[in-house]
Amino acid sequence: MERQKRLISMVVAVAMLFSGLISAFPMVSAQAADAPLAVAQYVKTSGNATCSTDTQSATYNGTVNINVPVSTVLAGHDDDMKTAAKNGYYPHGLEGKNKIAYISYAVTFPKNVTIGQVTTSNTSSIINGNRIVSTVDGQTVKFKMYLIDVNWAGVYDAYQRDQQDPGAHTVNLSISYTVTATTKQQAQQFEAADVRGHGFFSFYPSGTAAQWGFGKRTYETDDASQPLASGMSDCLPDPVQKTTKWVADTGEQIKDPVVGDDFQAAGTIDGYEFVGEATSGDGNTKTYTFKKK
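Residues numbered from 1 in each chain as written. Predicted model: local features only at pLDDT ≥ 70, side-chain atom pairs only at ≥ 80, totals over all residues. Heavy atoms only, no water.

1. Thoughts on the confidence of the model for the chain
Consideration 1: With 88% of its residues at a pLDDT of at least 70, the chain reaches an overall mean of 90.
Consideration 2: The model gives residues 3-26 a pLDDT under 50, and that stretch makes 20 contacts with residues more than four places away or in other chains.
Consideration 3: Within the model, pLDDT remains below 50 along residues 28-33, and this stretch shows 11 contacts once partners closer than five positions in the same chain are excluded. (pLDDT = per-residue confidence, 0-100. Contact = heavy atoms within 4.5 Å.)

And the structure:
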């Protein structure tokens, strides 16, 4: 019984400690959930379509450019950072205690898009320019942008410096891509598709929280959506329409012809039995022949 009481007391003490750490840390306001980091406005796509000489294909060479003034994006959480700085806290990252936090961002492309060169550059004082890591996972390019490895006071100081001229202190992420269409319909599908982006900034309120993996704070970005391609369908001819005919063995038309993207099935006709089918030399007309029963 005594041993059980000691165990309960220890659990309660640990719970109180964790609770105290969470409540003591200032960056716990509703802002984390209610005020997404506004990054979408800085995500842009551009490029051009190239037509093949035989008009049988079209290729779009595009680029995603993300040029983010980090201090502007973080401005909605100024008070949180200021309070954390005054209290001497450190932004422990998802990689563990005393590992600096990073901003994560992912750009996802539709299927059949070939991802090309990925480049990064940095003039922000808040981000460590030597620790911007990119990886390609299927159709998604993932970025990790590590903060400068200092406590919140140092981060907030860098933030204030960049605030003097946000446009001159940015992180730039660039991704080239290529997509090829061989039919007008396929080109139109690519023109209707989007490149999507989303990210987050997560950290732990204390080394203990990072060590035990509890109390993580996450600030999500808004969702970015930009057109994948434009002008591709202009390179390709309209699809040739297929004509289906139904005739008697005497040559008489026994059903109205149907024109569409593909041939119709022969089907059945009351009072007739199917004889055979024939396709025109250009491959655009199919004739089904029937005879009276």
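2. A short note on the state of the cysteines
Consideration 1: Applying the stated rule across the entire model yields one disulfide.
Consideration 2: A disulfide bridge connects C51 with C235, and the sulfur atoms are separated by 1.9 Å. Taking the sign of the torsion about the S-S bond as the criterion, the disulfide between C51 and C235, at about -65°, is left-handed. Linking C51 in strand β1 (residues 43-51) with C235 in the loop between β12 (224-227) and β13 (242-248), this pair joins segments that are 184 residues apart in sequence.
Consideration 3: For C235, a relative accessible area of 8% corresponds to the buried category. (Disulfide = S-S within 2.5 Å. Helix = DSSP H or I, 4+ residues; strand = E, 2+ residues; numbered from the N terminus. Buried < 20%, exposed > 50% of the residue type's maximum accessible area, 1.4 Å probe, protein only.)

3. Focus: the packing of aromatic side chains
Consideration 1: In total, this model carries 12 aromatic pairs according to the counting rule given.
Consideration 2: Ring geometry for F109 versus Y177: centroids 5.2 Å apart, planes at 50°, classification tilted. Of this pair, F109 sits in the loop between β5 (102-108) and β6 (114-122) while Y177 sits in strand β9 (residues 170-181), and the two are 68 residues apart along the sequence. For the residue pair F109 and Y177, the accessibility class agrees, reading buried in each case.
Consideration 3: Through pairs of rings, three or more aromatic residues link up here, namely W152, F201, F203 and Y219.
Consideration 4: The ring of Y146 carries the charged tip of R131 above its face, separated from the ring centre by 3.6 Å.
Consideration 5: The ring of W246 has K255 sitting right over it, with the charged end atom 4.2 Å from the ring centre. (Phe/Tyr/Trp six-rings, centres within 6.5 Å; stacked < 30°, edge-to-face > 60°. Lys NZ or Arg CZ within 6 Å of the ring centre and 35° of its normal.)

4. Considerations on the side chain of S174
Consideration 1: By the secondary structure assignment, S174 is in strand β9.
Consideration 2: By relative accessible area, which is 13% here, S174 ends up buried.
Consideration 3: Of the polar contacts made by the side chain of S174, one reaches the side chain of N65; its length is 3.4 Å.
Consideration 4: Those residues in contact with S174 that sit more than four places away from it in its chain are T63, V64, N65, Q117, V118 and T119. (Polar contact = N/O pair within 3.5 Å; in protein donor to acceptor, adjacent residues only side chain to side chain.)

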